[in-house]
Protein chains: 2
Amino acid sequence: MRREPVRPDIAELELTGISRIAVGAMHDPEVIPLWFGESDIVTPDFIREAAKKALDDGQTFYSSSRGTPALRAAILRYHERIYGLGLAEGRLIVPGSTMLAVTCACQCLLSDGDEMLLIGPYWPNIARAVAICGARIREVRLNEGPGRWSLDLPAVEAALTPETRAVYVNSPSNPTGWIMTAEEQRALLDLCRRRGVAVLSDEVYHRNVFTGRDPAPSFLEIAGEDEPVFVVNGLSKGWCMTGWRLGWLIGPARLAEPLAVLSECMSTGATVFAQAGAIAALEQGEEFLATFRERCRINRDLVMDILGGHPRVDLLEPEGAFYAFPRIEGVRDSLSLARRILHERKVGTAPGYTFGRGNDAHLRLCFAIDTPRLKEALERIVQVLDD
Amino acid sequence: MRREPVRPDIAELELTGISRIAVGAMHDPEVIPLWFGESDIVTPDFIREAAKKALDDGQTFYSSSRGTPALRAAILRYHERIYGLGLAEGRLIVPGSTMLAVTCACQCLLSDGDEMLLIGPYWPNIARAVAICGARIREVRLNEGPGRWSLDLPAVEAALTPETRAVYVNSPSNPTGWIMTAEEQRALLDLCRRRGVAVLSDEVYHRNVFTGRDPAPSFLEIAGEDEPVFVVNGLSKGWCMTGWRLGWLIGPARLAEPLAVLSECMSTGATVFAQAGAIAALEQGEEFLATFRERCRINRDLVMDILGGHPRVDLLEPEGAFYAFPRIEGVRDSLSLARRILHERKVGTAPGYTFGRGNDAHLRLCFAIDTPRLKEALERIVQVLDD
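Residues numbered from 1 in each chain as written. Chains lettered and ligands numbered in written order. Predicted model: local features only at pLDDT ≥ 70, side-chain atom pairs only at ≥ 80, totals over all residues. Heavy atoms only, no water.

**Let's talk about the overall build of chain A**
Each helix and strand in chain A was counted, giving 13 helices and 16 strands. Its C-alpha atoms give chain A a radius of gyration of 20 Å, within 12% of the compact-globule value 21 Å for 387 residues. Viewed in the frame of its principal axes, chain A has a C-alpha envelope of about 60 × 50 × 50 Å. Out of the 387 residues in chain A, the part that is buried amounts to 66%. (Helix = DSSP H or I, 4+ residues; strand = E, 2+ residues; numbered from the N terminus. Rg over C-alpha atoms; globule rule 2.2 N^0.38 Å. Buried < 20%, exposed > 50% of the residue type's maximum accessible area, 1.4 Å probe, protein only.)

Structural data, given as structure tokens:
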């Protein structure tokens, strides 16, 4: 029996390395922010106008907690358009943010003593979402080269245990920029099928693609509708809508009712008038997506030019998302390095250690911001590396 | 070892009785809707305009996932103004909706095998939120009369077990309209202190008060800042902002960092421009609150006039919130009765069974809608009872 009612594992939760370094400096206008996963572009006008019109029209009441009927229809049409997939309507919930969609998937899969295998380097809040469910994580790191990041399938297979309920993978990847190939997806899905393990696929960067097909390959394209495959996605990263908190989960058809219950009990749905903006984004957003992707591609090339050739840097070219994840020679404590860059040169970066094991010589740099400002930030980082 | 990765208890989750009866008929314009917990009043203009201005100003980026600094400050000022309380800033998170705040509190307290004691009749999603955490519920029903609903403290004490982590109470109450007195609060808190049990107090109807002080008594007024007392609140019910999905949690000061992690990992915060509307609501909303409360008071009296005197009805006068929870003589299946009222007379009501044990002769009626329409709905219900 516990001596006090608060869960000890919850009482020990700690903020990520990103929050840890950014606290106190995130509102400093002198700091060039490469630490968060967003650009400096305000959400496009046509999306904001759609949300404002919904407010004017009085869309301030409860709607379906699985998502407004209009947004649900728009998301299904979007999947038809970009993947050629006709998904069963009951598979879809829009509980709120993409992170909340991750949590709903974790809740379908995890309870005390279960394990989730994370393909690393991974976004640190995933590990916390698993811990909040009372489950443990295991980690298998991608192969870092030669030439590109790639899935280490034998290591994944070796890391599965009888307690493993799911493998989490994020492609295009935060923080590496890796895009999982369709072959890697099929191999992982086959392994998971053989071992009775679910897949939780975070595809929120599916339109942030520099290499190969846009959209990036999706597990939706290869999994049967009743398999334990959970795909999360959302608008934050492609459409510059981080403040909107809108994402969705597509799960097995047979779980339609429990998914609806989760969406209702977690949040009772997403902000209703914001969902009107999401419809505009999905239906009129292709031009913006292309423009933003082109900016990020130019910025990716700039990062490779300035950092990729530096003698202390090993940097695999990002294939998607909008992060570079360089390894810095001679560094053993990424938080100290990130703090040095912040304090000496006023650039905000994310320390590698927070993205799982094996990353304490790395930094994550978000390269989605305005190109000249990014160039200035990269030059400041080089000054620190040259010191 | 489970044979498949999905949790069996999740796979069995079922929608509430409200969703069950409303599905298929919720968009029928002929149905007068008393089933959901909202009025027919669009969110006031000044609140919508504040959100629109935030969109125009480009508030579309990430902010603190604990809530925007401006909203957090506004919520703390609001507590100072209405309760005279200066709360430590770290106790507050604004993770998204009030329901998400409930979930964050449950996650602080519950894991597999734990128990939460619910004071019933209770809003059914609470029980599901507990189940999603892998915990069990126990229930203790309020005394139904004489004269008013009241806390059955001896029954609460008898229902506590070594596994009980928290007592959940909602006052003003959905569905009964009960307002817990300050004396009842102190007695419950004393009991929980003696037994090492937390309190989860849902105070979302704190401004929907007909009897006694406005705001209703809060556990924040009697609990120490480091006690395991979790108070959730939000804007949906007082300010007619159900579609905004904005609520907050105030927890123990010593849990400031884990609360911040929960807010970050569940949703990474609420919709940012909606939070601008919330500031307007808190700071300029008193006139609207008074107007809406007066409408609800008139409607409450109308319900007592029309239903309260009916020979088949036992109805304790609601002291707050905006629900009546009559017991209907001769009824043993509230879902059948609600379906009859829906199909024969086109009025949507919520069947009592979904609010916990002992309520299958009851219906919940939301009386927040336009008075003439409410009168029509009540008269139709009487026709069914008279049949």
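Let us keep going from here.
**Describing the sheet that holds strand β16 (residues 363-366) of chain A**
Residues and elements named next belong to chain A. Judged by pairing direction, the sheet is antiparallel, and its three strands sit side by side in the order β12-β16-β15 without closing on themselves. Each edge of the sheet is formed by a strand with only one pairing partner; in this case those strands are β12 (323-324) and β15 (350-351). Sheet analysis places β12 next to β16, joined by two bridges and oriented antiparallel. Directly across from Tyr323, in β16, lies its bridge partner Cys366. Packed on one face of the sheet, helix α12 (residues 334-345) meets β15 and β16 and runs near 45° to β16. (Pairing = 2+ DSSP bridges. Contact = heavy atoms within 4.5 Å. Axes fitted to C-alpha atoms, helices over the stretch in contact; angles between N-to-C directions.)

**Some remarks on the relation of the copies chain A and chain B**
Rotating chain A by 180° and translating it 0.0 Å along the rotation axis places it on chain B, where the RMSD comes to 0.0 Å. Read as a symmetry element, the transformation amounts to a two-fold axis. Most of the interface of chain A is mirrored in chain B: 100% of its interface residues are interface residues there too. (Least-squares fit on C-alpha atoms with pLDDT ≥ 70 in both.)

**Some thoughts on the interface of chain A and chain B**
The interface of chain A with chain B comprises 78 residues on the first partner and 78 residues on the second. Interface area for chain A against chain B, summed over the two sides, is near 6,700 Å², with a carbon-plus-sulfur share of 59%. Together, Pro5, Phe61 and Tyr62 of chain A form the three largest contributors to the area buried by chain A at its contact with chain B, with a combined 10%. Across the chain A-chain B interface, the total number found is six salt bridges. Across the salt bridge formed by Glu4 of chain A and Arg254 of chain B, the nearest N and O atoms sit 2.8 Å from each other. Linking chain A with chain B are 43 residue pairs in polar contact (both at pLDDT 80 or more). For the side of chain A that touches chain B, the element with the most residues is helix α9 (residues 256-266) of chain A, which contributes eight residues. Partitioning the side of chain A that touches chain B into residue classes produces 38 nonpolar, 20 polar and 20 charged. (Buried area = accessible area lost by both parts, 1.4 Å probe. Salt bridge = Lys/Arg side-chain N within 4 Å of Asp/Glu carboxyl O. Polar contact = N/O pair within 3.5 Å; in protein donor to acceptor, adjacent residues only side chain to side chain. Nonpolar A, V, L, I, M, F, W, Y, C, P; charged D, E, K, R; others polar.)

**Quick word on the nonpolar core**
Across soluble globular proteins, you tend to see nonpolar side chains buried next to one another. Counting 215 residues, the largest nonpolar core has Leu307 of chain A together with Leu307 of chain B as its most contacted members. The contact partners of Leu307 of chain B, leaving out residues within four places of it in the chain, are Val313, Leu315, Pro326, Leu365, Leu378, Ile381, Val382 and Leu385 of chain B. Core analysis: the next-biggest nonpolar cluster, separate from the first, contains 74 residues, Cys108 and Cys133 of chain A together with Leu13 and Ile132 of chain B among them. (Core = buried A, V, L, I, M, F, W, Y, C linked by side-chain atoms within 4.5 Å.)

**Here's the deal with the side chain of Glu139 of chain A**
All names here are of chain A. Looking at the secondary structure, you find Glu139 in strand β4 (residues 136-141). At 4.0 Å, Arg357 is the nearest oppositely charged side chain to Glu139, a buried residue that forms no salt bridge. A distance of 2.7 Å separates a polar side-chain atom of Glu139 from the backbone nitrogen of Arg357. The contact partners of Glu139, leaving out residues within four places of it in the chain, are Leu117, Leu118, Tyr122, Gly356 and Arg357. (Lys, Arg positive; Asp, Glu negative; His and termini not counted.)

**A look at the sheet that holds strand β8 (residues 198-202) of chain A**
Residue and element names in this part refer to chain A. Read from one edge to the other, the open sheet built from seven strands follows the order β2-β10-β9-β8-β7-β3-β4, with strand pairing classed as mixed. Edge strands, defined here as strands with exactly one partner in the open sheet, are β2 (92-96) and β4. Strand-to-strand twist in this sheet, taken as the mean axis angle between neighbours without regard to direction, amounts to 20°. The pairing of strand β3 (residues 115-120) with strand β7 (residues 164-170) spans four bridges and is parallel.

**Some points on the domain arrangement of chain A**
Residue and element names in this part refer to chain A. Assigned domains within chain A: domain 1 (8-43 + 287-386) and domain 2 (45-284). Inter-centroid distance (C-alpha atoms) of domain 1 to domain 2 is 24 Å. Listed by partner, the interface residues are 39 residues for domain 1 and 40 residues for domain 2. Taken as a group, Thr43, Leu316 and Glu319 account for 24% of the area that domain 1 buries against domain 2, more than any other trio of residues on that side. Taken together, the links from domain 1 to domain 2 amount to three salt bridges. The partner of Glu319 in a salt bridge is Arg148, and the shortest N-O contact between them spans 3.1 Å. (Domains from an automatic or database assignment.)

**Some words on the state of the cysteines**
This model, assessed by the stated rule, comprises zero disulfides over all chains. The closest cysteine sulfur to the non-disulfide-bonded Cys104 of chain A is located on Cys108 of chain A, 7.2 Å from its own sulfur. Summary of cysteine pairing: Cys133 of chain B is not part of a disulfide, and the nearest cysteine sulfur, belonging to Cys106 of chain B, is at 5.1 Å. Judged by relative accessible area, which is 16%, Cys133 of chain B ranks as buried. (Disulfide = S-S within 2.5 Å.)

**Observations concerning the pattern of salt bridges**
Summed over the entire model, instances satisfying the criterion amount to 76 salt bridges over all chains. Taking the shortest distance from any N to any O, the salt bridge between Glu286 of chain A and Arg207 of chain A comes out at 2.7 Å. One end of the pair, Glu286 of chain A, is in helix α11 (residues 286-308); the other, Arg207 of chain A, is in the loop between β8 and β9 (229-234), and 79 residues separate them in sequence. For Glu286 of chain A, a relative accessible area of 31% gives the class partly exposed. Looking at Arg207 of chain A, the relative accessible area reads 4%, which means it is buried. Among the ionic pairs, Arg340 of chain B bridges to Asp387 of chain B, the shortest N-O distance being 3.7 Å. Of this pair, Arg340 of chain B sits in helix α12 (residues 334-345) while Asp387 of chain B is found in the segment after α13 (371-386), placing the two residues 47 residues apart along the sequence. Looking at Arg340 of chain B, the relative accessible area reads 31%, which means it is partly exposed. Asp387 of chain B sits in the exposed class, given a relative accessible area of 60%.

**Structural notes on the packing of helix α4 (residues 69-83) of chain B against helix α10 (residues 272-284) of chain B**
Residue and element names in this part refer to chain B. Interhelical geometry of α4 versus α10 gives an angle of 20° and a closest axis separation of 9 Å. The orientation of α4 relative to α10 falls into the category roughly parallel. Here α4 and α10 pass one another in a crossing that is left-handed. Every residue of α10 that contacts α4 at Ala70, Leu71, Ala74, Ile75, Arg77, Tyr78 and Arg81 is listed here: Gln275, Ala278, Ile279, Leu282 and Glu283. (Parallel < 35°, antiparallel > 145°, perpendicular 65-115°, else oblique. Left-handed = near helix turned anticlockwise from the far one by under 90°.)

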